[in-house]
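# A structural walkthrough
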Amino acid sequence: MTQMIPEQPTQVEAEADTSVWKPTRRITTFSVGLVLVAILVLTALLAPWLAPFDPNIQHIELRLLPPSETHWLGTDGFGRDLLSRVVYGARPTLLLVSLILVLTIPVGLLIGISAGYIGGWYERIVMRLTDIVMSLPSLVMALALVAILGPGLMNGALALAFTSWPPFARQARAETLALRRSDYLAAARMQGIGGLRLMFGHILPLCLPSAVVRAALSLGGIILASAGLGFLGMGIQPPTAEWGSMVAEGSKVIFDQWWVAAAPGGAILFASLAFNLLGDGLRDKMDPRHGN
């Protein structure tokens, strides 16, 4: 009577069995940045429900209280709850960033694509103007423009947008120059496509991914610049909760009541980190040279 030998699993079946225990997804920079940005956006949208107190009501008898069970982040010099003001401070920051992107990306792409496509004297004049704007200190120019226009949300967005479009223009021009002699555009010209239709129907979609990546990477710097305007009193004016102006108020008592400046400073750090991680992850996904 022959003894039955158990059938050995094949290599494919063994790999399939072991693969069950492997994680199907790994944590990436993009996923972490996306989660942090989602938390920031939801905080701004749900501020009336997340904030435990009204951010603008003053209680002088409660001024400069340390963090406690009632006031998790303490109170400021006017007795206002810092947690509530930090939560509400996400709103003007994200609104300012959105306005800057809406003003900056279209202008930069329009100038860069037109300069790369048209060429000649137009390209030389436009790109020299771009170099001049890029050579100027962005925050100093923003402060000068806000001083002329006056403090406020829209004026701050215009001032920061004026100094933020040149990198988008230079990048769009470089990509347009690389695409101008490509077979893709040559085939489009053979079909009778040219002019504005070629620029915005064929070149623009190819320049958008890199512009989105650059925008995400520049958001951290834009947040710091907007906080700098608020810190110097040139941004959104009190009593509206704004992180930069809150840091300026806390800097007066930073050695004794450190939490007044630490709370909005931590929020600025969180927002900058979130957008930097998101931008780095987008670069890895959209640019194969940086992918794994």
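Being a predicted model, the structure only gives us computed values, none of them experimental.

The next subject is the overall build of the chain. The helix and strand tally for the chain stands at twelve helices and zero strands. Taken from N to C terminus, the helices and strands of the chain fall in the order α-α-α-α-α-α-α-α-α-α-α-α. Of all 292 residues assigned to the chain, the portion counted as buried reaches 41%. Relative to all contacts within the chain whose residues are 6 or more apart in sequence, the contacts with residues 24 or more apart total 72%. Roughly 16800 Å² of accessible area belongs to the chain as shown, and the carbon and sulfur atoms make up 67% of that amount.

Once that is clear, we can look at unusual backbone geometry. Located in the positive-phi region is L64, a residue other than glycine, with phi close to 55°. On the secondary structure map, L64 appears in the loop between α3 (47–50) and α4 (82–118).

Here the focus is the pattern of salt bridges. Under the defined criterion, the tally for this structure stands at seven salt bridges. With a closest N to O distance of 3.9 Å, R85 and D76 form a salt bridge. When sorted by exposure, R85 lands in the same class as D76, which is buried. Ionic pairing is found between D131 and R128, a salt bridge with its closest N-O pair at 3.0 Å. Pair noted here: D131 and R128 are both in helix α5 (residues 120–135), with a separation of three residues, about one helical turn. Here the salt bridges do not stand alone but share partners, grouping D76, R80, R85 and E249 into one network.

A few words now on the environment of L185. Structurally, L185 is set in helix α9 (residues 183–190). Sequence-wise, L185 and M199 are 14 residues apart; in three dimensions their C-alpha atoms are separated by 9.8 Å. Residues within four places of L185 in sequence aside, it is in contact with L179, R180, L198, H202 and I203.

This next bit is on α4. With 37 residues, α4 should reach 54 Å at 1.5 Å per residue; the first-to-last C-alpha distance of 53 Å fits that figure. Just downstream of α4, G119 is the residue with a positive phi angle, here 70°.

One finds L40, L160, W243 and F275 to be the most contacted residues of the largest nonpolar core, which totals 39 residues. The set of elements that each furnish at least two residues to this core consists of α2 (29–45), α4, α6 (138–149), α7 (153–162), α10 (195–231), α11 (243–250) and α12 (259–286). Per-element tally for this core: the top contributor is α12, with ten residues. Within the second largest apolar cluster, 15 residues are counted, among which are L109, I193, L198 and I203.

Another point: the packing of aromatic side chains. Under the counting rule described, the total for this entry stands at two aromatic pairs. With a centroid separation of 6.4 Å and an interplanar angle of 85°, the aromatic rings of W121 and Y122 are classed as edge-to-face. For W121, a relative accessible area of 61% gives the class exposed. Judged by its relative accessible area of 26%, Y122 falls in the partly exposed class. Aromatic pair W258 and W259: ring centres 5.8 Å apart, planes at 80°, arrangement edge-to-face.

Where α6 meets α7, the axes come as close as 8 Å, and the angle between the chain directions of the two elements is 145°. Helix-helix and strand crossings are classified by hand; for α6 and α7 the assignment is right-handed. The segment α6 lies against α7, with M141, A142, L145, V146 and L149 engaging N155, G156, A159, L160 and F162. The class makeup of the residues in the contact of α6 with α7 is eight nonpolar, two polar and no charged.

What counts, and at which threshold
Residues numbered from 1 in each chain as written. Predicted model: local features only at pLDDT ≥ 70, side-chain atom pairs only at ≥ 80, totals over all residues. Heavy atoms only, no water. Helix = DSSP H or I, 4+ residues; strand = E, 2+ residues; numbered from the N terminus. Buried < 20%, exposed > 50% of the residue type's maximum accessible area, 1.4 Å probe, protein only. Contact = heavy atoms within 4.5 Å. Areas by Shrake-Rupley, 256 points an atom, 1.4 Å probe, with all protein chains shown as cover. Salt bridge = Lys/Arg side-chain N within 4 Å of Asp/Glu carboxyl O. Expected span 1.5 Å × (residues − 1). Core = buried A, V, L, I, M, F, W, Y, C linked by side-chain atoms within 4.5 Å. Phe/Tyr/Trp six-rings, centres within 6.5 Å; stacked < 30°, edge-to-face > 60°. Axes fitted to C-alpha atoms, helices over the stretch in contact; angles between N-to-C directions. Left-handed = near helix turned anticlockwise from the far one by under 90°. Nonpolar A, V, L, I, M, F, W, Y, C, P; charged D, E, K, R; others polar.

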